[in-house]
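Below, each chain spelled out in residue letters.
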Amino acid sequence: ETYQARRDALCDGLNRIGLKMATGSGKTVVMAMLIAWQTLNKAAGPNDARFARRFLIVTPGLTIRDRLRVLRPEHEENYYKLRDLVPADLEADLSQAQIVITNFHALQLRETKAGQGVAKTTKELLAGYSGGPSPFQETEGQMVTRVCRDLGGTSEIVVFNDEAHHCYQGRDAAADESALTPEEKAEAKENSKAARVWFTGLRAVAGKLGVKAVYDLSATPSFLSGSGYREGTLFPWVVSDFALVEAIESGIVKIPRVPVDDNAVSVDVKFLNLWPNIGDQLPKRSRKDEAVPQNLPGLLETALTALYG
């Protein structure tokens, strides 16, 4: 199995481009730059099939979805102005971008309005009689129409997957799960379910609207436990690996440090090693009517004041 064949099989016809970016290194800015690049080129050459002005941004949850509103050109704090990504004379062209931001749960087939109020038993009987899915469940086409309604137009779209480690086509994971604990198996099952909903939803979007490219941005664009692939293996469509060490060396991400509240000019950080410095100075016992023992070491009192402060 060649690398290209494996990649094509996993992508199932989707043109996927993975970008591994450390947390805090600016995934949202990169998405804004790609949207601007696509939209401005499409405005300059409307018939150029390489570019698009319609974008679907898929996130793993509501919090991230709301945070990405800055990618809309009409947002008052949009990144195109805030980060000086687009010159003022091109802002009108950028406004042509049509953007839908949603969470991957929206890609799941929902119950139609016709099914509301129908008894569960009736639904099960009808599904069993037809031998297929429930007649009260959306088709893939109806789901795509619901999710992408605000995009309008007929041209192909560009998809952005934020934190895309939950979007892949899995395979039989029975062998992988044999060594997992019950808790790990439950987590793997949830991961596989989320990946299936996300990936299947994007295939449906591609089938109905057409997708030029799918940009996956994540700090961990790799297979999870239960995927059927070795956990932690990078997606084969990753084209850029900007890991935490490189981000720190570039000055983009701050160096993690252990917080120390001690201004002493000494190699011995006493707050970090409090007990060895005060253990032999503590009173042996206190009176029963004393809430706090008296005559505590000064270093301990200072540490307590700093802690509560």
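Before any of the text, the structure's been laid out above.
Quick caveat: nothing in here was measured; it's all calculated off a predicted structure. (Residues numbered from 1 in each chain as written. Predicted model: local features only at pLDDT ≥ 70, side-chain atom pairs only at ≥ 80, totals over all residues. Heavy atoms only, no water.)

Two elements in contact, helix 7 (residues 140-147) and helix 9 (residues 182-208), have axes separated by 9 Å at closest approach and are oriented at 85 degrees. Taken as axis vectors, helix 7 and helix 9 run roughly perpendicular relative to one another. Contacts between helix 7 and helix 9 involve Glu-140, Gly-141, Met-143, Val-144 and Thr-145 on the former and, on the latter, Thr-200, Gly-201, Ala-204, Val-205 and Lys-208. Tallied by class, the residues present in the contact of helix 7 with helix 9 amount to four nonpolar, four polar and two charged. (Axes fitted to C-alpha atoms, helices over the stretch in contact; angles between N-to-C directions. Helix = DSSP H or I, 4+ residues; strand = E, 2+ residues; numbered from the N terminus. Parallel < 35°, antiparallel > 145°, perpendicular 65-115°, else oblique. Contact = heavy atoms within 4.5 Å. Nonpolar A, V, L, I, M, F, W, Y, C, P; charged D, E, K, R; others polar.)

The tally for this structure, following the rule as stated, stands at nine salt bridges. Between Asp-12 and Arg-203 there is a salt bridge, with its nearest N and O atoms 2.6 Å apart. Residue Asp-12 is located in the loop between helix 1 (3-11) and strand 1 (16-21), and its partner Arg-203 is located in helix 9; the two are separated by 191 residues in the primary sequence. Note on Asp-12: relative accessible area 36%, which makes it partly exposed. Owing to a relative accessible area of 31%, Arg-203 belongs among the partly exposed residues under this scheme. The partner of Glu-138 in a salt bridge is Arg-146, with the nearest N and O atoms 2.8 Å apart. (Salt bridge = Lys/Arg side-chain N within 4 Å of Asp/Glu carboxyl O. Buried < 20%, exposed > 50% of the residue type's maximum accessible area, 1.4 Å probe, protein only.)

Attention shifts here to the side chain of Lys-212. Tracing the chain through its elements places Lys-212 in strand 5 (residues 211-218). Lys-212 gets classed as buried once you look at its relative accessible area, which sits at 19%.

Another aspect to go through is the packing of aromatic side chains. Scanning all chains against the criterion turns up nine aromatic pairs. Ring plane angle 70 degrees and centroid distance 5.3 Å describe the contact between Tyr-168 and Phe-223, whose orientation is recorded as edge-to-face. One end of the pair, Tyr-168, is in the loop between strand 4 (157-162) and helix 8 (174-177); the other, Phe-223, is in the loop between strand 5 and strand 6 (238-242), with 55 residues separating them in the sequence. What makes Tyr-168 buried here is its relative accessible area of 2%. Here Phe-235 and Trp-237 contribute two aromatic rings whose centre-to-centre distance is 4.7 Å and whose plane-to-plane angle is 20 degrees, an arrangement assigned as stacked. Judged by its relative accessible area of 2%, Phe-235 falls in the buried class. Residue classification places Trp-237 among the buried residues on the basis of a relative accessible area of 1%. Among the aromatic residues, those joined into a ring-pair cluster are Tyr-168, Phe-223, Tyr-229, Phe-235 and Trp-237. The side chain of Arg-83 reaches across the aromatic face of Tyr-79, ending 4.8 Å from its centre. (Phe/Tyr/Trp six-rings, centres within 6.5 Å; stacked < 30°, edge-to-face > 60°. Lys NZ or Arg CZ within 6 Å of the ring centre and 35° of its normal.)

Residues Leu-304, Leu-307 and Tyr-308 make up a contiguous nonpolar surface patch of about 390 Å² in total accessible area. Residue position: Tyr-308 is located in helix 12 (residues 298-308). (Patch = residues over 30% accessible without salt bridge, like charges linked within 9 Å, V, L, I, M, F, W, Y side chains within 5 Å. Areas by Shrake-Rupley, 256 points an atom, 1.4 Å probe, with all protein chains shown as cover.)

Residue placement: Ala-106 occurs in the loop between strand 3 (98-103) and helix 6 (120-130). Residue class for Ala-106 comes out buried when judged on its relative accessible area of 7%. Taking the C-alpha atoms as reference, Ala-106 lies 8.8 Å from Arg-146; in sequence the two are 40 residues apart. If we skip the residues at most four places from it in the chain, Ala-106 touches Met-143, Arg-146 and Val-147.

Right, let's get into the side chain of Thr-59. The residue Thr-59 is located in strand 2 (residues 54-59) in this model. Separated by 2.9 Å, the side chain of Thr-59 and the backbone oxygen of Gly-61 make a polar contact. (Polar contact = N/O pair within 3.5 Å; in protein donor to acceptor, adjacent residues only side chain to side chain.)

What follows concerns the pairing of strand 5. Counting buried residues along strand 5, eight of its eight residues qualify, which places the element largely inside the surrounding structure. Strand direction decides the pairing type here: strand 1 and strand 5, joined by five bridges, are parallel. Across the sheet, Gly-18 pairs through a bridge with Asp-216, a residue of strand 5. Pairing between strand 4 and strand 5: six bridges, direction parallel. Bridge assignment links Val-158 to a residue of strand 5, and that residue is Ala-213. (Pairing = 2+ DSSP bridges.)

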